[in-house]
Amino acid sequence: DAGVIQSPRHEVTEMGQEVTLRCKPISGHDYLFWYRQTMMRGLELLIYFNNNVPIDDSGMPEDRFSAKMPNASFSTLKIQPSEPRDSAVYFCASSLVLGRAFFGQGTRLTVV
Amino acid sequence: TQLLEQSPQFLSIQEGENLTVYCNSSSVFSSLQWYRQEPGEGPVLLVTVVTGGEVKKLKRLTFQFGDARKDSSLHITAAQPGDTGLYLCAGGTSGTYKYIFGTGTRLKVLA
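It should be emphasised that the depicted structure is a prediction, and the values quoted were computed from it without experimental measurement.

Visitor: With reference to specific residues and values, describe the interface of chain B and chain A.
Guide: One widely used convention gives an interface's size as the accessible area the parts lose upon coming together. In this assembly, 17 residues from chain B lie in contact with 22 residues from chain A. Around 1600 Å² of area is buried between chain B and chain A when both sides are counted, 54% of it from carbon and sulfur atoms. Contact with chain A buries area across many residues of chain B, yet Tyr97(B), Lys98(B) and Phe101(B) alone supply 41% of it, more than any other trio. The interface formed by chain B and chain A includes 1 salt bridge.

Visitor: So, empty space enclosed by the protein: which residues are in play, and what are the values?
Guide: Under the criterion given, the structure shown has 1 cavity of 30 Å³ or more. In this model, the largest cavity occupies a volume close to 90 Å³. If you trace the largest cavity, you find 13 residues lining it, with Tyr35(A), Ala101(A), Gln33(B), Tyr35(B) and Tyr99(B) closest to the centre. For the lining of the largest cavity, the secondary structure elements donating two or more residues are strand 4 (31–38) and strand 10 (101–103) of chain A together with strand 4 (31–37) and strand 10 (99–101) of chain B. Residue classes in the lining of the largest cavity are distributed as 9 nonpolar, 3 polar and 1 charged.

Visitor: Please set out the side chain of Glu44(A) residue by residue, giving values where relevant.
Guide: All names here are of chain A. With respect to the element layout, Glu 44 can be found in strand 5 (residues 42–50). Overall, the relative accessible area of 16% leaves Glu 44 in the buried class. At 2.7 Å, the side chain of Glu 44 forms a polar contact with the side chain of Arg 41. When residues no more than four places from it in sequence are discounted, the contact partners of Glu 44 are Trp 34, Tyr 35 and Arg 36.

Visitor: Would you mind going over the sheet that holds strand 1 (residues 5–7) of chain B in detail, with residue names and values included?
Guide: All names here are of chain B. Taken in spatial order, the 5 strands line up as 1-3-8-7-6 in an open sheet, and their pairing is antiparallel. The sheet is open, and its two edges are formed by strand 1 and strand 6 (55–58), each paired on a single side. Strand-to-strand twist across the sheet, computed as the mean angle between neighbouring axes with direction ignored, equals 15°. The pairing of strand 7 (residues 61–65) with strand 8 (residues 71–76) spans 5 bridges and is classified as antiparallel. Along strand 8, the bridge assignment pairs Phe 63 with Leu 74.

Visitor: Any details on the pattern of salt bridges? Residues and values, ideally.
Guide: Under the definition given, this model contains 11 salt bridges over all chains. For Lys98(B), the salt bridge is made with Asp56(A), and the minimal N-O distance between the two is 3.1 Å. Remark: Asp56(A) occurs in strand 6 (residues 53–56) and Lys98(B) occurs in the loop between strand 9 (85–92) and strand 10; the pair is interchain, linking two chains. A relative accessible area of 24% means that Lys98(B) is categorised as partly exposed.

What counts and what doesn't
- Residues numbered from 1 in each chain as written.
- Chains lettered and ligands numbered in written order.
- Predicted model: local features only at pLDDT ≥ 70, side-chain atom pairs only at ≥ 80, totals over all residues.
- Heavy atoms only, no water.
- Contact = heavy atoms within 4.5 Å.
- Buried area = accessible area lost by both parts, 1.4 Å probe.
- Salt bridge = Lys/Arg side-chain N within 4 Å of Asp/Glu carboxyl O.
- 1 Å grid on protein atoms, 1.4 Å probe; cavity = no way out; pocket = protein on both sides within 12 Å on 5 of 7 lines; lining within 4 Å.
- Points joined across faces, edges and corners; volume = space filled by probe spheres on them.
- Helix = DSSP H or I, 4+ residues; strand = E, 2+ residues; numbered from the N terminus.
- Nonpolar A, V, L, I, M, F, W, Y, C, P; charged D, E, K, R; others polar.
- Buried < 20%, exposed > 50% of the residue type's maximum accessible area, 1.4 Å probe, protein only.
- Polar contact = N/O pair within 3.5 Å; in protein donor to acceptor, adjacent residues only side chain to side chain.
- Pairing = 2+ DSSP bridges.
- Axes fitted to C-alpha atoms, helices over the stretch in contact; angles between N-to-C directions.

Here it is in structure tokens:
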């Protein structure tokens, strides 16, 4: 299996622009998680889905952030409009069983 | 708010030395995980402990869950340069897939 695949690996965008991060979970995994990692705040859970349905989005920082999972093999995290403080590494992870999450390589987002 | 504090934050040691990393919280967790993250990669799960007092070993790594399930430790024997990385603990709550990650310990093992 190829593992969790995220794209792009790096994204540099100007403040105010829309940013879309993409994730393909491991086939057969029915849980998908979006995390954000920064030096100041560490690794934070933003939202997670079960069978394509959002279960807990309490970690989503603001209305500028939205996440969708239109089918079992694809999810997006969108930031609109982006701000410099959104700069971070965004990770997607998927899981089949409780507590066994596999992480992607992350997308490093820089908003200038 | 559940918080997991890790100590030390940074650790630089020579190859062959032993070390212990701590993960502490005022909250009780149903399970505790340890991950290692290398630069440019996502965290990789090393172990999950679920019972208070539980000890698990993974080659030179020994993991322990505190009796009260509020803290955990990771001990590495005879550290090697390949152990270099960011070590993260994560606490899980029963009935949810939500894990809270600790502040991290950045380990560097010098050859």
